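# Understanding the architecture of this molecule
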Amino acid sequence: MPDLRVISLEEVAKHNYEGIEKSCWIVISGKVYDVTKFLNEHPGGEEVISQLAGKDATVGFLDVGHSKDAIEMTKEYLIGQLPESEAATTTTAPKTTSTQKKSSSSFFKDFTDIMTSPTWTNFLIPVSMGIVVYVVYKFLFN
């Protein structure tokens, strides 16, 4: 990979999707991305990214659980990296090992996290409502 341009957080903050240019730069894991042209294409909507414009979006990006294709796609928007002194201060996703995870959480908490994740709730809520409607219909009309 060629040497990346070093861009300060101060410079990134100027590209906060406001003003005349409406440019949108974000930081993910110490790398700077110009995602201005991608905003309209983002499956989650423009506002998801524009809220993080000019800021560190590492936690938001990693928490969503993007696909390998999405992660690969970030390469085309890469424009630079933070200076080492600033990269150390940016937010990163919490790193836990499997032994830490087992000791700090119970099965119930893990199950609750899975069941309340957006992916599961988008599936479970409509299915649950369908079952309730079916049972009420059968009870009232039979």
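Counting starts from 1 at the beginning of each chain's written sequence and moves along it residue by residue. Only residues with pLDDT of at least 70 get local features here, since the model is predicted, and only at 80 or more are side-chain atom pairs given and counted; chain-wide, interface and lining totals rely on the full set of residues. The basis for the side-chain values is all heavy atoms of the structure; hydrogens and waters are excluded.

## Here's the deal with the packing of aromatic side chains
Defined as follows: Pairing of aromatic rings covers Phe, Tyr and Trp, the last through its six-membered ring, and needs centres within 6.5 Å; plane angles under 30 degrees mean stacked, over 60 mean edge-to-face, and all others mean tilted. Think of it this way: any DSSP run of H or I at least four residues long counts as a helix, any run of E at least two long counts as a strand, and we number them from the N terminus. Categorising residues by exposure relies on relative accessible area from a 1.4 Å probe, with only protein chains included: less than 20% of the type maximum marks a residue as buried, more than 50% marks it as exposed, and the intermediate range marks it as partly exposed. Either the NZ atom of lysine or the CZ atom of arginine qualifies as a charge over a ring when it sits within 6 Å of the ring centre and within 35 degrees of the ring normal.
Under the criterion given, the structure shown has 2 aromatic pairs. Aromatic pair phenylalanine 38 and tyrosine 77: ring centres 5.5 Å apart, planes at 50°, arrangement tilted. Taken together, the residues span a long stretch of sequence, with phenylalanine 38 in the loop between β3 (31-34) and α2 (46-50) and tyrosine 77 in the loop between α4 (68-73) and β4 (78-81) at a distance of 39 residues. As far as burial versus exposure is concerned, phenylalanine 38 and tyrosine 77 are alike and both buried. Here lysine 22 stacks its cationic end above the ring of tyrosine 17, 4.8 Å away from the centre of that ring.

## Digging into the pairing of β4
Each regular strand carries side chains that alternate between the two faces of the sheet. Applied cut-off: DSSP bridges decide pairing: two strands pair if at least two such bridges lie between them.
With 2 bridges joining them, strand β1 (residues 5-6) and β4 adopt parallel strand pairing. Across the sheet, arginine 5 pairs through a bridge with glycine 80, a residue of β4. Relative to β4, β3 runs antiparallel, the two being bridged by 3 bridges. The residue bridging tyrosine 33 from the neighbouring strand is leucine 78, located in β4.

## Comments concerning the side chain of histidine 15
Rule in force here: Identification of polar contacts relies on pairs of N or O atoms within 3.5 Å, with a donor-acceptor requirement for protein atoms, meaning one able to donate a hydrogen and the other able to accept it, and with residues adjacent in sequence counted only if both atoms are side-chain atoms.
Within the secondary structure layout, histidine 15 lies in the loop between α1 (9-13) and β2 (25-28). For histidine 15, the side chain forms a polar contact with the side chain of glutamate 11, separated by 3.2 Å.

## Comments concerning the confidence of the model for the chain
So the rule is basically this: The predictor rates its confidence in each residue with pLDDT, a number between 0 and 100. Only heavy atoms enter the contact rule, under which two residues are in contact if any of them lie within 4.5 Å.
Taken residue by residue, the chain gives an average pLDDT of 81. The fraction at 70 or more is 75%. In this model residues 93-104 is a low-confidence stretch, pLDDT under 50, and it forms 5 contacts with partners more than four residues away in sequence or in other chains.

## Some details on the nonpolar core
Put simply, the rule reads: Here, the term nonpolar core denotes a set of buried Ala, Val, Leu, Ile, Met, Phe, Trp, Tyr and Cys residues that are joined through side-chain atoms within 4.5 Å.
Counting residues in hydrophobic clusters, the biggest one holds 13 residues, and the most contacted among them are Cys24, Ile26, Ile28, Tyr33, Val35 and Ile49. Here tyrosine 33 is in contact with Cys24, Trp25, Ile26, Ile28, Thr74, Tyr77, Leu78 and Ile79, once residues within four sequence places are set aside. Core analysis: the second largest hydrophobic core is formed by 6 residues, Ile7, Val12, Val27 and Val32 among them.

## Quick look at a nonpolar patch on the surface
The condition is simple: Patch membership needs two things, relative accessible area over 30% and no salt bridge, and members are linked within 9 Å if like-charged or within 5 Å if nonpolar (Val, Leu, Ile, Met, Phe, Trp, Tyr). Residue burial considers only the protein chains on display, and all accessible areas are found by Shrake-Rupley using a 1.4 Å probe. Any carboxyl oxygen of Asp or Glu that lies within 4 Å of a side-chain nitrogen of Lys or Arg is treated as forming a salt bridge with it.
A cluster of nonpolar side chains, Val132, Val136, Tyr137, Phe139, Leu140 and Phe141, forms an exposed patch at the surface whose accessible area comes to about 700 Å². In this structure, phenylalanine 139 sits in helix α8 (residues 118-141).

## What to know about the pattern of salt bridges
Inspection of every chain in the model, using the stated rule, returns 2 salt bridges. Among the ionic pairs, glutamate 11 bridges to lysine 14, the shortest N-O distance being 3.7 Å. The partner of lysine 75 in a salt bridge is glutamate 72, and the shortest N-O contact between them spans 3.3 Å. Residue class for glutamate 72 comes out partly exposed when judged on its relative accessible area of 47%.

## Topic: the sheet that holds β4
The mixed open sheet is built from 4 strands, whose spatial order is β1-β4-β3-β2. Of all the strands in the sheet, the pair left with one neighbour each is β1 and β2.

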